[in-house]
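Structural features, examined
So the chains spell out like this:
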Amino acid sequence: MNDTKKASGVLATTSLWLVLLVSAAANAIGQFAGMDYTLRMIAGAVAIICIVLLILRAVARRKA
């Protein structure tokens, strides 16, 4: 595997983790901050999508 693919893989994984943390925090703290219910549910959906993508990346990495 060349360094460019490895670097882009690390960047994608790191980005997914950051988006997951931000969206999970928005979902968790949103009720206390007065955030609208719809926005909290969108943040929760984004967090779930990030979790699924991270799992898929981990499984693909194990197979490779």
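Treat the numbers as computed from the prediction; the structure is a model and nothing was measured.

This next bit is on the overall build of the protein. Assigned secondary structure in the protein consists of two helices and zero strands. On the principal axes, the C-alpha backbone points of the protein span a range of 45 × 20 × 15 Å. As displayed, the protein has an accessible area near 5000 Å², and 71% of this comes from carbon and sulfur atoms.

A contiguous nonpolar patch, built from Ile48, Ile49, Val52, Leu53 and Leu56 and spanning about 460 Å² of accessible area, is present on the exposed surface. Within the fold, isoleucine 49 resides in helix α2 (residues 37–63).

Turning next to α2. For α2, spanning 27 residues, the distance from its first C-alpha to its last is 39 Å, which sits close to the expected 39 Å at 1.5 Å a residue. If you check which residues of α2 are buried, you get Arg40, Ala43, Gly44, Ala47, Cys50 and Leu54.

The next thing to look at is the nonpolar core. Core analysis: the largest hydrophobic core is formed by five residues, namely Leu16, Leu20, Ala47, Cys50 and Leu54. Those elements giving two or more residues to this core turn out to be α1 (3–33) and α2.

By the secondary structure assignment, serine 23 is in helix α1. Of the residues examined, serine 23 reaches a relative accessible area of 8% and is grouped as buried. Side-chain polar atoms of serine 23 contact the backbone oxygen of leucine 20, separated by 3.2 Å. Here alanine 47 takes part through its backbone nitrogen, which lies 3.5 Å from a polar atom of the side chain of serine 23. The residues contacting serine 23, other than those within four sequence positions of it, are Ala43, Val46 and Ala47.

As for its position among the elements, arginine 40 is in helix α2. Lacking a salt bridge, the buried arginine 40 has aspartate 36 as its closest oppositely charged neighbour, with an N-O distance of 7.4 Å.

About the criteria used
Residues numbered from 1 in each chain as written. Predicted model: local features only at pLDDT ≥ 70, side-chain atom pairs only at ≥ 80, totals over all residues. Heavy atoms only, no water. Helix = DSSP H or I, 4+ residues; strand = E, 2+ residues; numbered from the N terminus. Areas by Shrake-Rupley, 256 points an atom, 1.4 Å probe, with all protein chains shown as cover. Patch = residues over 30% accessible without salt bridge, like charges linked within 9 Å, V, L, I, M, F, W, Y side chains within 5 Å. Salt bridge = Lys/Arg side-chain N within 4 Å of Asp/Glu carboxyl O. Expected span 1.5 Å × (residues − 1). Buried < 20%, exposed > 50% of the residue type's maximum accessible area, 1.4 Å probe, protein only. Core = buried A, V, L, I, M, F, W, Y, C linked by side-chain atoms within 4.5 Å. Polar contact = N/O pair within 3.5 Å; in protein donor to acceptor, adjacent residues only side chain to side chain. Contact = heavy atoms within 4.5 Å. Lys, Arg positive; Asp, Glu negative; His and termini not counted.

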